[in-house]
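Listed here are the chains, written in short residue letters.
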Amino acid sequence: EILSAFIDDIPELPRLVRRRGGRAGEEQHAATARTARSSYNNRVLAMVKLFVVRHGETAWTRERRFTGARDIPLAPGGQVQAEAIARALAGEKLAAVYTSPLDRARTTAEMVAKPHRLTAQVDADLREMAFGRWEGRTRDDVAAAEPEAWRTWREAPHALAGHGGETLPQVA
């Protein structure tokens, strides 16, 4: 509906809409306006590209440790990955870059934003889910020490609770 505010920008609209007066004319006007608005929205959405980029590798991702809300920086390999995605997106027209406040994400986003002369905009709502007592532990360690919780995480992650971190419904 936000895009409907731009209905005046549709060049063909004055030609399409002909008020005839009376209720039938109003209904036709409304139907024609909806069709024109839908056409405009479809053209706008066809032009929108959304790139979702995960941060580069950290020492903990390489070790398969739960990182969550811990502020672990990029590893050297992660720096190379971030530079590669920045080069890959350099030819795209980016309007904005948003990032979590965590260093690994912010560093990656800043590399992507730089060739576009953009500032990476930090949004705390984009941070990773907190894993509580699992943070810093390997997946194998959690699976061995807490087999029921691990099974829940693997089979029904939305139902996981009691690990001292956030639940999926809390961060969704």
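This section reports on the structure supplied with the text. What you see is a predicted model, and the numbers here were worked out from it, not measured in a lab. (Residues numbered from 1 in each chain as written. Predicted model: local features only at pLDDT ≥ 70, side-chain atom pairs only at ≥ 80, totals over all residues. Heavy atoms only, no water.)

Observations regarding the environment of Phe-51
Position of Phe-51 among the secondary structure elements: in the loop between α2 (22-47) and α3 (59-62). Take Phe-51: its relative accessible area is 35%, and that puts it in the partly exposed class. Put simply, Phe-51 and Glu-92 are 41 residues apart on the chain and 10.0 Å apart in space, counted from C-alpha to C-alpha. If we skip the residues at most four places from it in the chain, Phe-51 touches Leu-89, Glu-92 and Leu-94. (Helix = DSSP H or I, 4+ residues; strand = E, 2+ residues; numbered from the N terminus. Buried < 20%, exposed > 50% of the residue type's maximum accessible area, 1.4 Å probe, protein only. Contact = heavy atoms within 4.5 Å.)

Describing the pattern of salt bridges
In total, this model carries 12 salt bridges according to the counting rule given. Its salt-bridge partner being Glu-92, residue Lys-49 comes within 3.3 Å of it at the nearest N-O pair. Taken as a pair, Lys-49 in the loop between α2 and α3 and Glu-92 in the loop between α4 (76-89) and β1 (97-99) lie far apart in primary sequence, 43 residues in all. The partly exposed category is assigned to Glu-92, whose relative accessible area is 27%. Between Arg-65 and Glu-63 there is a salt bridge; the shortest N-O distance is 2.7 Å. A relative accessible area of 40% places Glu-63 in the partly exposed class. Overlapping salt bridges bring together Arg-133, Arg-137, Asp-141 and Glu-146 as one network. (Salt bridge = Lys/Arg side-chain N within 4 Å of Asp/Glu carboxyl O.)

Comments concerning the nonpolar core
In terms of nonpolar packing, the biggest core is built from 11 residues, these being Leu-74, Ala-82, Ala-86, Leu-89, Leu-94, Val-97, Ala-109, Met-111, Val-112, Ala-113 and Ala-120. A per-element tally of this core places helix α5 (residues 103-113) first, with four residues. Dropping the residues within four chain positions of it, Val-112 is found in contact with Ile-85, Ala-86, Leu-89, Leu-94 and Val-97. Among the nonpolar cores identified, the runner-up in size contains nine residues, and Phe-66, Met-129, Val-142 and Trp-150 belong to it. (Core = buried A, V, L, I, M, F, W, Y, C linked by side-chain atoms within 4.5 Å.)

Let's talk about the side chain of Glu-166
Mapping Glu-166 onto the fold places it in the loop between α7 (147-155) and α8 (168-171). A relative accessible area of 16% means that Glu-166 is categorised as buried. Engagement of the side chain of Glu-166 in a polar contact is seen with the side chain of Arg-127, the distance being 2.9 Å. Setting aside residues no more than four positions away along its own chain, Glu-166 makes contact with Arg-127, Glu-128, Met-129, Ala-130 and Val-171. (Polar contact = N/O pair within 3.5 Å; in protein donor to acceptor, adjacent residues only side chain to side chain.)

A closer look at the packing of aromatic side chains
To describe a pair of aromatic rings, one takes the distance between the centres and the angle between the planes. Scanning the model with the defined rule gives four aromatic pairs in all. Arranged with centres 4.9 Å apart and planes meeting at 50°, the rings of Phe-66 and Phe-131 form a pair that is tilted. Of this pair, Phe-66 sits in the loop between α3 and α4 while Phe-131 sits in the loop between β2 (120-122) and α6 (139-145), and the two are 65 residues apart along the sequence. Just as Phe-66 is buried, Phe-131 falls in that class too. Measuring from ring centre to ring centre gives 6.2 Å for Phe-66 and Trp-150, while their planes differ by 85°; the resulting arrangement is edge-to-face. A residue pair is termed long-range when its members are at least 10 positions apart, and Phe-66 in the loop between α3 and α4 and Trp-150 in helix α7 qualify at 84 residues. Exposure remark for Trp-150: the relative accessible area of 17% places this residue in the buried category. The ring centre of Phe-66 lies 4.6 Å from the NZ or CZ of Arg-139, which sits over that ring. (Phe/Tyr/Trp six-rings, centres within 6.5 Å; stacked < 30°, edge-to-face > 60°. Lys NZ or Arg CZ within 6 Å of the ring centre and 35° of its normal.)

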